[in-house]
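The residues making up each chain are set out below.
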Amino acid sequence: MVIKAILLTGISLNKDINMKKIINLLSLVTLVSVLSGCSSIVSKSDYAVAISSSPESANFTVTDKQGREVHSGLTPETITLSSSAGYFSAASYTITFTKEGYPDKVFTLRSDLDGWYIGNIVFGGLIGMLVVDPATGAMYRLPERVDVSLGNPISYIPEKLTI
């Protein structure tokens, strides 16, 4: 299409020299498009997170920043969570663990800045840094695991029974 546009404008082409320039230009445009967001290329925005507890078989509920339940299950389990909560907003989740005979535990899971995001300084430029990676959520990452100890069992002392 580029060649047709050049021919239609009446520009004469020296096939050897101008075709090389066109191919080089198209290669450069493709390269810039592909590298427009470094984290988007190398990283991801959804992460598998292994949730475990000691002791196992604890119920857990995951809620997002707005308090919406995004998952519930029984430990151990691997779930998929988004590392972003919107444009330039890192995700944060509250995981509540419950198990009969143990105190409830609350764990806060926060995404942090992905090191590949800094690659935009070299590869992606401002488009990758200010548009692509923040919009896709690839500028953040989540840890691979959450391991929570529920602590010691709660002592249960029955009330005195009167007969």
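Residues numbered from 1 in each chain as written. Predicted model: local features only at pLDDT ≥ 70, side-chain atom pairs only at ≥ 80, totals over all residues. Heavy atoms only, no water.

A. Up close: the overall build of the protein chain. Looking only at helices and strands, the protein chain has 4 helices and 11 strands in total. By residue count, 30% of the 163 residues in the protein chain fall in the buried class. On the protein chain, roughly 10800 Å² of surface is accessible, and the fraction owed to carbon and sulfur atoms is 60%. (Helix = DSSP H or I, 4+ residues; strand = E, 2+ residues; numbered from the N terminus. Buried < 20%, exposed > 50% of the residue type's maximum accessible area, 1.4 Å probe, protein only. Areas by Shrake-Rupley, 256 points an atom, 1.4 Å probe, with all protein chains shown as cover.)

B. Fine view of the pairing of strand β1 (residues 46–54). Pairing geometry for β1 and strand β4 (residues 77–82), over 6 bridges, is antiparallel. Considered in β4, the bridge of Ala50 is made with Thr78. Note that β1 and strand β11 (residues 145–149) share 5 bridges and pair parallel. Across the sheet, residue Ser53 finds its bridge partner in β11, namely Val148. (Pairing = 2+ DSSP bridges.)

C. Structural detail: the sheet that holds β4. Strand order in the open sheet made by the 3 strands is β4-β1-β11, with mixed pairing throughout. Edge positions in the sheet fall to β4 and β11, since each of these pairs with one other strand and no more. Direction aside, neighbouring strands of the sheet carry axes that sit 30° apart on average. (Axes fitted to C-alpha atoms, helices over the stretch in contact; angles between N-to-C directions.)

D. Structural view of the side chain of Ser52. Structurally, Ser52 can be placed in strand β1. In this structure Ser52 comes out as buried when scored by relative accessible area, which is 13%. In this structure the side chain of Ser52 is engaged in a polar contact, spanning 2.3 Å, whose partner is the side chain of Asp147. (Polar contact = N/O pair within 3.5 Å; in protein donor to acceptor, adjacent residues only side chain to side chain.)

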